Each structure stands twice: as C-alpha cells, then as structure tokens.
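Remarks on the overall topology
As a plain string of letters, each chain reads:
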2 protein chains.
Amino acid sequence: MIEAKNITKNFRQVSALKRLNVSFGGNRIYGLLGRNGAGKSTLLNLIANRLIPSEGFVYVDGMPVMENDTALGRISYMSEDTLYEPSVRVRRMFEWSKLFHPEFDLAYSDTLAEKFGLDPRKKFGQLSTGYRSIAKLIATLASGAEYLLFDEPVLGLDANHRQLFYQELLMRYAEKPCTVILSTHLIEEVSALIEHVVIIKDGSILLDRPAEEIRSMGFTVSGRKEDVLAWCTGKNILGSQELGGLMLAHILGEPGGIPEPLTVTPLDLQQLFIHLTNA
Amino acid sequence: MIEAKNITKNFRQVSALKRLNVSFGGNRIYGLLGRNGAGKSTLLNLIANRLIPSEGFVYVDGMPVMENDTALGRISYMSEDTLYEPSVRVRRMFEWSKLFHPEFDLAYSDTLAEKFGLDPRKKFGQLSTGYRSIAKLIATLASGAEYLLFDEPVLGLDANHRQLFYQELLMRYAEKPCTVILSTHLIEEVSALIEHVVIIKDGSILLDRPAEEIRSMGFTVSGRKEDVLAWCTGKNILGSQELGGLMLAHILGEPGGIPEPLTVTPLDLQQLFIHLTNA
C-alpha cells in the first residue's frame, strides 16, 4: 500500500497540495485524474521521493519513502520530466534501470521495444515526443516493481501505439500482480481499464471511489434525436453529442424507467469528469 | 485551394514523402491522419514553406508558396516545433503574429486566453506542455487566415480544454469561412468534426475521401456479448470492446439485416484507422 498522509506541498506562495490524504494498493489499477495544474504530477513526485512534502509523510508498505531505497525500489515511476541525458542510448537507459530495479526484465524491454518499433540504439534526445514516452513507459512496464506509476504515458503516441500500451499493461498486470497508477488526460480511452478513480482538484481530493460506483452515478441514453430530447426534459444533463439524426445524452442520477426506443449505457467517465472539474 | 503536386521530400537517405498529390480547400474541415513518422508534419511544413520539397510544388490559390508572402499570408500554421524564444511573453507572441497576419484579432486572442485560463504576461518558456499548445492554437484561431493548419493542437490539454478547443474551432469556422487541416492522434475525439479524411502512410496518401463515405465503409454493432458474438461469426471484424456484459464490435462491410436485440451505429473512425495503418 502507498499512503500519502496529510500532505501539503508549497511552491513559493502557491499551495500545490493541501492536507491531502490518499492511498493506492490492493493490486488495483487506479486512474489519477485532474485538470492541468491540479497537482497530479506533484503527488506522484512526492510518492517517488523526487519532491519533499512541506508537511505530511508518504509511506510504502509502512515504510517512509524519504531516503529509503527499499521503499523506493518497490516503485517504478514514468514521469513527465526525464532524468536521462539526451546522449544516452535507449538500451543503456534500460540497463541503468536494472541497477535500481534488480528484477528489471531486459528480455521483456527488448521485446516491447520491438513491438513499438523503437530502435534501442537510438539516443534519447533523438526521439520524437511519442517515442520518448514509449522509451519511458517500457522502462516502467519492464521494471518488475510492485507499484507502477505512469504520468501521461501516451503523450504523443498514435492510436495504434496507445492501444498496444493498454494491451501490454493489462498483460503485465495479469502476469504479475501490481498496483498501477495511471495519470492521464485521455480519460475516455482508459475508462474500461481503471478499477478505482481518484480525482484531484486544486490540490485536494475531490473523489476517491471504485470506478463501478462512479459509473452508477449516472447513465447515457442514445437513440433518435427527437426521442432523446423528449425523454431528457427536466433531467440533469451533463452533456450530449450528435451524429446524423442520432443523439447521445449523459445524465446524472438513476435511469428509472426508459421508453422503448432509447438505449441505456453506463455513464461516460470523461463527461462526468468535465462536469465535476469545470470552474 | 492548397495543392501539393507530385511532392517528394528526402532527408538524407530517407524519403519522408513520395510523389504525393493532395489538395485541401472548399471551406471544409480536414482530418490529416497518420501514424507517428508517416509524414504528416513534413507535409504541413512543406505547405507552410518551412521546408523545401526535393521535388514537386505547393500552390495556395494558384500561387507557388515558395518565397511568396501573399500566398503564405493566407496560411496560419500551428506547428509542433515552436519558432518562439522561451523568453517571449504570450501577449507579445500574439502581437508579432499580427505583423504577418494583418487580420489577426487581438481582442479575440485575449478573450480566448481568458477562456483557457492562460496568463498572457507569462513567458512562453515557463508554460507547461498543455499551455504551450494553448498559446499556439490561440494564435492560429485568431489569425484571420483562410487556411488554418493545426499539428497536434491538443497535445497535453486536459479533457475540458480539448472540448473548449473543439467548440471554439467550430465557432470560428461558422463565423468566417476557412479551410481547416487538423493533424491529430486523437481520432475518436475529432471524428464528429471532420468532413474529409486524408490518411498518410509511409509518405504516401492511403485514403482521401469524405468522412461520410468512410463511415459507410463499415459499422458498429452493440448489445449483449453473447448476441454480438453469435451475430458476428464469419464477419470481417476490425476490433471489439467489452464493458460488463455488453460488447461493441466494429465490422467492415454492409450491415445487411440486423437481428432485433442489436444496435447498429456508424463505424468508429479510430478503429478503422488502426486497422488500415497497422504494419
């Protein structure tokens, strides 16, 4: 279990995190969601001991992370910032990871590099935004760590590579139990993957609940536009989309009775997120 | 009309584009799609005269773009690379844009900056990935140009800001006719916006067709998993997703007759893209 207890982090005059309490564990996949600047990366940096809290403590399996290699060795963190020199070759970066994570699987990282079309002889600084993300996400997938933290893992990846990442993450997760924290802006794409949702807003926890519970906070109806519009009158509508004569409406609350021509599906997590975090 | 005629672009030994012919015009919104490295950014750089073709020519409204300020003035290009010094303040960047695009609307760029929560006094180098994208996309939205080219406009943007960008783009498009080229990896999100799809693969045009036609290349069925599985046997399935007991399958071809319990919806463009461009 990773536990952040009563964490405050100030940068000059700005409080990035405010008396925050949250924990991650139990071999689940967490979605860590929040708007730009909400404090997601700050929280991950504190968990990985790249930042020191102004107040509070972070524990990994009961051990404080501060200057504790045993605790930190259980965490592999793909951060937005990179610690690698531009001149370091990708294969070298994997080899270095093995020094810190003895269970790092070099055969697996080579296989992943091939699947993603990443040439491990390339220097990190030569890679495009997408391939930088790929090199970093491979290092975390292959780390063998108990806690895998990903900050914007699919930044710059094309649709095919994003799908490949989600597949490989699920395979890694199935083969060797681990707790995964996915911090991402592409909520819709990961909504089928995540089992627990943590939303940060302005440095505080806004929501911390199983994904299943959150999906039951509302529902989506779809059908012919006129039928949807007629049925939705007076309901608490989060948003809607149209395509041709069809309409999709995201609604808070319980569906209750649904008239025949409409279809009911689970709530769109991204729409709920936008609703909860806007202004 | 922007016309790229018989364009080849070589970088050392590598051919990024090969005898490519494509045109963009008619006040439509184009989706320019392709995998990482397919040649999308190279094509946009050639159109905006930031690169010179090894062979072939680019014309804007009949004028060659090469060293032609009249032709180039009709184009506003939000590129992945930035031409701005890190020390330049955002408001200054907008003012410089006005030198090149006399119809640049500074009141509009100020309004947009406020809507996106971008402080125009900040220096470009201080901005996060998301806010860099926002500063650049505002400059293009407010340019007043006839041709708006966006290369990965939503890189690093949170879900709320992505939705705001799509809304503002549609408003700009409705108020003043323009031709828009959107190059993006987030295909699903823009699929309702784009009217014409151009897919580049390995430096050549793979597909160049109205979005409506492409959507009719296949369809999606959804319903209870066992019903979907039973009905799909022997069909050309692009991919599928599951959620609880529900299943969604993307299928190439004509739906023909559909058994009652299943729902048919238009084809998912992102799934089709992955299918067409994989390996």
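Residues numbered from 1 in each chain as written. Chains lettered and ligands numbered in written order. Predicted model: local features only at pLDDT ≥ 70, side-chain atom pairs only at ≥ 80, totals over all residues. Heavy atoms only, no water.

Considering the overall build of chain A
Cut-off, in case you're wondering: By definition, any uninterrupted DSSP run of H or I lasting at least four residues is a helix, any uninterrupted run of E lasting at least two residues is a strand, and each is numbered from the N terminus. Accessibility here uses a 1.4 Å probe with only protein chains present; expressed as a share of the type maximum, an area under 20% marks a residue as buried, one over 50% as exposed, and anything in between as partly exposed. The criterion used for residue contact is that any of the two residues' heavy atoms lie within 4.5 Å. In short, Shrake-Rupley with a 1.4 Å probe defines the accessible areas, and a residue's cover is counted only from the protein chains shown.
Each helix and strand counted, chain A has ten helices and 14 strands in total. Reported as C-alpha extents along the three principal axes, the dimensions of chain A are approximately 60 × 45 × 35 Å. The proportion of buried residues among the 279 residues of chain A is 51%. The long-range fraction of contacts in chain A, counting pairs at least 24 apart against all pairs at least 6 apart in sequence, stands at 66%. When the accessible surface of chain A is split by element, carbon and sulfur atoms take 51% of a total near 12400 Å².

Focus on the packing of helix α4 (residues 106-116) of chain A against helix α6 (residues 159-175) of chain A
All names here are of chain A. What counts here: To obtain an axis, a line is fitted to C-alpha atoms, over the contacting stretch when the element is a helix, and the angle between two such axes runs from 0 to 180 degrees between their N-to-C directions. In this scheme, roughly parallel covers angles under 35 degrees and roughly antiparallel covers those over 145, while 65 to 115 is roughly perpendicular and the rest are oblique. We call a crossing left-handed when the near helix sits turned anticlockwise from the far one by less than a right angle, and right-handed when that turn is clockwise.
Packing of α4 against α6 leaves a shortest axis separation of 11 Å and a crossing angle of 155°. Here α6 runs roughly antiparallel to α4, going by the angle between their axes. Regarding α4 and α6, the two cross each other, and that crossing is right-handed. Facing α4, whose interface residues are Y108, L112, K115 and F116, α6 presents H161, L164, F165, E168 and R172.

Quick look at unusual backbone geometry
All names here are of chain A. The phi dihedral of N6 is positive, around 55°, even though this residue is not glycine. Structurally, the position occupied by N6 is in strand β1 (residues 2-11). A positive phi angle, near 60°, is found at N49, a position not held by glycine.

What to know about the sheet that holds strand β9 (residues 196-201) of chain B
All names here are of chain B. Definition in use: One requirement defines pairing of two strands: DSSP has to find at least two bridges between them.
A sheet is described by the order of its strands in space; here six strands give the open sequence β6-β7-β8-β3-β9-β10, paired in mixed fashion. Each end of this open sheet is capped by a strand with a single partner; those strands are β6 (75-78) and β10 (204-210). Sheet twist, expressed as the mean angle between neighbouring strand axes with direction ignored, is 15°. Those strands touched by helix α10 (residues 269-277) are β3 (29-34), β9 and β10, and its axis lies near 25° from that of β9.

Examining the interface of chain B and chain A
Quick note on the threshold: Throughout, the accessible surface (probe 1.4 Å) given up by two parts as they are put together, summed over both, is called the buried area. Only one rule defines a salt bridge in this text: a Lys or Arg side-chain nitrogen within 4 Å of an Asp or Glu carboxyl oxygen. Polar contacts here mean pairs of N or O atoms no more than 3.5 Å apart (in protein, one a potential hydrogen donor and the other a potential acceptor; neighbouring residues in sequence count only if both atoms are side-chain atoms). Residue classes follow a fixed rule: Ala, Val, Leu, Ile, Met, Phe, Trp, Tyr, Cys and Pro count as nonpolar, while Asp, Glu, Lys and Arg count as charged, and any other residue, Gly among them, counts as polar.
The interface is formed by 28 residues belonging to chain B together with 28 residues belonging to chain A. Buried area between chain B and chain A, summed over both chains or domains, comes out near 2500 Å², and the portion from carbon and sulfur atoms is 52%. Inspection of the chain B/chain A interface yields two salt bridges. Between R35 of chain B and D158 of chain A there is a salt bridge whose closest N-O contact spans 3.1 Å. For the pair chain B and chain A, the interface holds 18 residue pairs in polar contact (both at pLDDT 80 or more). Elements with a minimum of two residues in the side of chain B that touches chain A: α5 (129-141), α6 (159-175), α7 (187-190), β14 (263-266) and α10 of chain B. For the side of chain B that touches chain A, the residue count by class is ten nonpolar, 13 polar and five charged.

What to know about α5 of chain B
We apply this condition: By this rule the span expected of a helix is its residue count minus one, scaled by 1.5 Å.
In a regular helix each residue adds 1.5 Å, so 13 residues correspond to 18 Å; α5 of chain B covers 18 Å between its end C-alpha atoms and thus fits that length. Counting buried positions along α5 of chain B gives eleven out of 13 residues, so the element sits mostly inside the fold.

Points about the sheet that holds strand β5 (residues 63-64) of chain A
Residues and elements named next belong to chain A. Pairing within the open sheet is antiparallel, and its four strands lie in the order β2-β1-β4-β5. Lying at the two open borders of the sheet, with one neighbouring strand each, are β2 (14-24) and β5. Running over the sheet, helix α1 (residues 40-47) touches β1, β2 and β4 (55-60) and is turned about 60° from β2.

Some points on a nonpolar patch on the surface
Residue and element names in this part refer to chain A. Stated precisely, the cut-off is as follows: Patch rule: a residue counts if its relative accessible area is over 30% and it has no salt bridge; like charges are joined within 9 Å, and nonpolar side chains (Val, Leu, Ile, Met, Phe, Trp, Tyr) within 5 Å.
Residues I52, F57 and M66 make up a contiguous nonpolar surface patch of roughly 270 Å² in combined accessible area. Among the secondary structure elements, M66 is positioned in the loop between β5 and α2 (69-73). A relative accessible area of 36% places M66 in the partly exposed class.

Here's the deal with the relation of the copies chain B and chain A
Just so we agree on the cut-off: For this overlay, a least-squares fit was computed on C-alpha atoms, restricted to residues scoring pLDDT of at least 70 in both copies.
Here chain B sits on chain A after a turn of 180° about the axis and a move of 0.0 Å along it, with an RMSD of 0.0 Å. One copy is carried onto the other by what is essentially a two-fold rotation axis. Identified as the residue of chain B closest to the rotation axis by C-alpha distance is L155 of chain B, at 3.5 Å.

Structural notes on the environment of V228 of chain A
All names here are of chain A. Within the fold, V228 resides in helix α9 (residues 225-232). By relative accessible area, which is 0% here, V228 ends up buried. In this structure the C-alpha to C-alpha distance between V228 and P261, which are 33 residues apart in sequence, comes to 9.1 Å. When sequence neighbours within four positions are dropped, the list of residues in contact with V228 reads V221, S222, G223, M247, A249 and L262.

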